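Structural overview for review
These are the residues of each chain, in order.
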Amino acid sequence: MTMRDDASAREEATRRLRADVMCLTLAPGEAITERALEALYGVSRTVVREALTQMIYEGLVQRAQRGYIVAPFDLDELNELFAYRNVVEDAVVRLACQHARADELDAIQAEIEAGLREFTPEGWMEIGLDFHVRLAALSRNRFLCAAVQDITTRTYRARWLAISAGSGSQITHDQHTEILRRIRAKDEDGAAEAVRAHAREVHKQVLASIEASRRILGRRSVVGSS
């Protein structure tokens, strides 16, 4: 295998492993082994180890006494992430009020309108996360963009659980629209309050969905206190 082929195999295995963890095909708390992943993805043990190392870095997989486990939902971490999100997105929308162009806001609004009309859990999930990343881009601050991307990655599974359970698509649409309206009006305080209200609603949906899933996913799927 050439160096390019090896890199391609590593990227594909990492992508597939991340997708299987994010969309709960590999359940929180589930034990996984290098051998099983090697067979599942049709790649070498070395490639599997490199993919697992990346997933550990992203907080999606943890080392165990024997092998690895898919990281359980950590309620304490989620609560900290949503507190961090409030700080980051407050700065994001205030800067967006200063820098966003009307055509950029129009494009984001059009995307969320299309997503609501043609709703599927997968599509709405992508649009919802993309909304926050695109909102961060309006700040014209690369460090805020990186922070928002990290937050969305680390809350993806919990959001997927809530959305696949049918939680709040209309509410989310309306809240996204209100955030954009406030930014368009260059209302920094109003935009900051709108983004905090949205975060509170998402946080509530996420915790309720995790609690409802405990019996299905098992005791090992959740750690920490709500």
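The rules behind the values
- Residues numbered from 1 in each chain as written.
- Predicted model: local features only at pLDDT ≥ 70, side-chain atom pairs only at ≥ 80, totals over all residues.
- Heavy atoms only, no water.
- pLDDT = per-residue confidence, 0-100.
- Helix = DSSP H or I, 4+ residues; strand = E, 2+ residues; numbered from the N terminus.
- Axes fitted to C-alpha atoms, helices over the stretch in contact; angles between N-to-C directions.
- Parallel < 35°, antiparallel > 145°, perpendicular 65-115°, else oblique.
- Left-handed = near helix turned anticlockwise from the far one by under 90°.
- Contact = heavy atoms within 4.5 Å.
- Nonpolar A, V, L, I, M, F, W, Y, C, P; charged D, E, K, R; others polar.
- Pairing = 2+ DSSP bridges.
- Buried < 20%, exposed > 50% of the residue type's maximum accessible area, 1.4 Å probe, protein only.
- Phe/Tyr/Trp six-rings, centres within 6.5 Å; stacked < 30°, edge-to-face > 60°.
- Lys NZ or Arg CZ within 6 Å of the ring centre and 35° of its normal.
- Core = buried A, V, L, I, M, F, W, Y, C linked by side-chain atoms within 4.5 Å.
- Salt bridge = Lys/Arg side-chain N within 4 Å of Asp/Glu carboxyl O.

**Description of the confidence of the model for the chain**
Per-residue confidence for the chain averages 88 on the pLDDT scale, and 90% of its residues sit at or above 70. Per-element confidence in the chain ranges from a low mean pLDDT of 74 for helix α6 (residues 121–137) to a high of 97 for helix α4 (residues 75–99).

**Some points on the packing of helix α8 (residues 169–184) against helix α9 (residues 188–217)**
As a packed pair, α8 and α9 sit with axes 8 Å apart at the nearest point and diverge in direction by 165°. With respect to their mutual orientation, α8 and α9 come out roughly antiparallel. Along this stretch, α8 crosses α9, giving a crossing that reads as left-handed. Contact residues: Ile-171, Thr-172, Gln-175, His-176, Glu-178, Ile-179, Arg-182 and Ile-183 in α8; Gly-190, Ala-191, Ala-194, Val-195, Ala-197, His-198, Glu-201 and Gln-205 in α9. Of the residues that constitute the contact of α8 with α9, the class distribution is seven nonpolar, six polar and three charged.

**So, the sheet that holds strand β3 (residues 68–70)**
The three strands lie next to each other as β1-β3-β2, forming an open sheet whose pairing is antiparallel. The open sheet has two edge strands with one neighbour each: β1 (31–32) and β2 (61–63). Pairing of β1 with β3 involves two bridges; the strand directions are antiparallel. Pairing of Ala-31 across the sheet is with Ile-69, part of β3.

**Re the environment of Ser-213**
With respect to the helices and strands, the residue Ser-213 is situated in helix α9. Judged by relative accessible area, Ser-213 falls into the buried class, the value being 7%. Taking C-alpha positions, Ser-213 is 32 Å from Ala-192, a pair spaced 21 residues apart along the chain.

**Let's talk about the packing of aromatic side chains**
By convention here, two paired aromatic rings are described through the distance between centres and the angle between planes. Taken as a whole and judged by the stated rule, the model has zero aromatic pairs. Geometry around Phe-73 places Arg-157 over its ring, the cationic atom sitting 4.9 Å from the centre.

**Section: the nonpolar core**
In this structure, Val-92, Val-93, Leu-135, Ile-179 and Ile-183 are the most contacted members of the largest nonpolar core, which totals 24 residues. Those elements giving two or more residues to this core turn out to be α4, α5 (102–117), α6, α7 (142–164), α8 and α9. The dominant element in this core, judged by the number of residues it contributes, is α4, at five residues. Sequence-distant contacts of Ile-183, defined by excluding residues within four places in its chain, comprise Val-93, Ala-96, Cys-97, Ala-100, Leu-105, Leu-135 and Ala-191. Val-21, Leu-60, Val-61 and Tyr-68 belong to the second-largest nonpolar core, a separate cluster that totals 19 residues.

**Let's talk about the pattern of salt bridges**
As a working rule, side chains carrying opposite charge can pair if their charged atoms are close by. Here the structure, examined in full by the defined rule, presents 25 salt bridges. In the salt-bridge network here, residues are joined through shared partners; they are Asp-90, Arg-94, Glu-188, Asp-189, Glu-193, Arg-196 and Arg-200.

**A short note on unusual backbone geometry**
One non-glycine residue, Leu-24, adopts positive backbone phi at about 70°. Structurally, the position occupied by Leu-24 is in the loop between α1 (3–22) and β1. Phi at Arg-140 is positive, roughly 60°, even though this residue is not glycine. One can find Arg-140 in the loop between α6 and α7. Judged by its relative accessible area of 42%, Arg-140 falls in the partly exposed class.

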